[in-house]
Amino acid sequence: MSGLEFVVNGAACGVALEDPRVTLLDLLRDRLGLTGAKKGCDRGQCGACTVLVNGARVNACLTLAVALQGAEVTTVEGLSEGGNLHPMQQAFLDHDALQCGFCTPGQILSAIGLMNEGESGDDVARVREGMSGNLCRCGAQPGIVAAVQEVLQ
Ligand code: FES
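Here the residue numbering is sequential within each chain, running from 1 through the sequence in written order. Totals for whole chains, interfaces and linings use all residues, but because this is a predicted model, local features are given only for residues with pLDDT of at least 70 and pairs of side-chain atoms are given and counted only at 80 or more.

On to the confidence of the model for the protein chain. When pLDDT is averaged along the protein chain, the result is 97; 100% of the residues meet or exceed 70. Scored as a complex, the prediction yields pTM 0.96 and ipTM 0.98. For every residue, the predictor reports its confidence as pLDDT, a number between 0 and 100.

Quick look at the pairing of strand β4 (residues 56-59) now. For two strands to count as paired, DSSP must find a minimum of two bridges between them. Secondary structure elements are taken from DSSP: a helix is a run of H or I of four residues or more, a strand is a run of E of two residues or more, and numbering for both begins at the N terminus. Here strand β3 (residues 50-53) runs beside β4; their pairing, made up of 4 bridges, is antiparallel. Following the sheet pairing, Leu52 is matched in β4 by Arg57.

What the 5 strands build is an open sheet, ordered β2-β1-β5-β3-β4; its pairing is mixed. A single partner strand is all that each edge strand has here, and the edge strands are β2 (11-17) and β4. Averaged over all adjacent pairs, the angle separating strand axes in this sheet is 40°, with direction ignored. Each residue is represented by a C-beta atom placed from its backbone, and any two residues with such atoms within 7 Å are regarded as in contact. Comment: axis = line fitted to C-alpha atoms, over the contacting stretch for helices; angle = value between 0 and 180 degrees taken between N-to-C directions. Against the sheet, helix α3 (residues 104-116) makes contact with β3 and β4, and its axis sits at roughly 35° relative to β3, the strand it touches most.

It is worth spelling out unusual backbone geometry at this point. A positive phi is found at Asp42, a non-glycine position, where the angle reads about 65°. Any residue whose C-beta has 12 or fewer other C-beta atoms within 10 Å is treated as exposed, any with 20 or more as buried, and any in between as partly exposed, C-beta atoms being built from the backbone. For Asp42, a count of 16 C-beta atoms within 10 Å corresponds to the partly exposed category. Within the chain, Asn54 stands out as a residue other than glycine whose phi angle is a positive 50°. Mapped onto the fold, Asn54 is located in the loop between β3 and β4.

A few words now on helix α1 (residues 24-31). Every buried residue belonging to α1 is among Leu24, Leu25, Leu27 and Leu28, and all of these are buried. One or two positions beyond α1, positive phi appears at Gly33, with a value near 70°.

Direction vectors running N to C along helix α2 (residues 87-94) and helix α5 (residues 141-152) enclose 140°, while the axes themselves pass 8 Å from each other. Comparing their axes, α5 and α2 come out oblique. For the crossing formed where α2 meets α5, the hand is right-handed. From α2, Pro87, Met88, Ala91, Phe92 and Asp94 reach across to α5, where they touch Ala147, Glu150 and Val151. Roughly parallel here means an angle under 35 degrees, roughly antiparallel means over 145, roughly perpendicular means 65 to 115, and every remaining angle is called oblique. Crossing handedness: left-handed means the near helix sits turned counterclockwise from the far one by under a right angle, and right-handed means the same turn made clockwise.

Relative orientation of the contacting elements α3 and α5 amounts to 35°, with a least axis distance of 10 Å. Considering the relative orientation of α3 and α5, their crossing is right-handed. Contacts between α3 and α5 involve Gln107, Ala111, Leu114 and Met115 from the former and Ile144, Val148, Val151 and Leu152 from the latter. Any residue that is not Ala, Val, Leu, Ile, Met, Phe, Trp, Tyr, Cys, Pro, Asp, Glu, Lys or Arg is counted as polar, Gly included; the first ten are nonpolar and the last four charged. Of the residues contributing to the contact of α3 with α5, the split by class is 7 nonpolar, 1 polar and no charged.

Before going further, it helps to spend a moment on the nonpolar core. Put simply, a nonpolar core is a cluster of buried Ala, Val, Leu, Ile, Met, Phe, Trp, Tyr and Cys residues tied together by C-beta atoms within 7 Å. Counting residues in each nonpolar core, the largest one holds 40 residues, and the members touching the most others are Ala60, Ile144 and Val148. Looking at this core, the elements with two or more residues in it are α1, β3, α2, α3 and α5. Here the limits of each domain have been adopted from an automatic or database domain assignment. Built from parts of two domains, this core gets at least three residues from each of domain 1 (2-77) and domain 2 (87-152). When near neighbours in sequence (up to four residues on either side) are disregarded, Ile144 contacts Ala97, Gln107, Met131 and Cys136.

In structure tokens form, the structure reads like this:
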């Protein structure tokens, strides 16, 4: 058994890891009760599990929790401040960028990761490519791209 000390949504968190193979996604959902990150494919293909680790987007289903000693993890639950939505969350609402909502947390975290990478929203093709790891089966992509472009401007 090993202990993991890291920061989740700004709060220090310590957990005992009985199994070193547990993924960040399972740790967040099953142990910490943070169910915003979704388990879609569980194999790195859909992006529904996207969270930020030290500001960079990762697929939580492919990330071993044990590798996150000292890291800062941000999930969708940690985005709003003082009752105000993060600008990316607000843009998704404003552009009607969701339908069923299953992929939305991952889409939003991925978009914030894209912003952290310094991407601008000027080039729609680059925004589409940047968001291509996050699938939406409802067909909300036009609204998603518009929302991301607005915030990245
Ligand atoms: Fe992680 Fe699909 S659940 S990429």
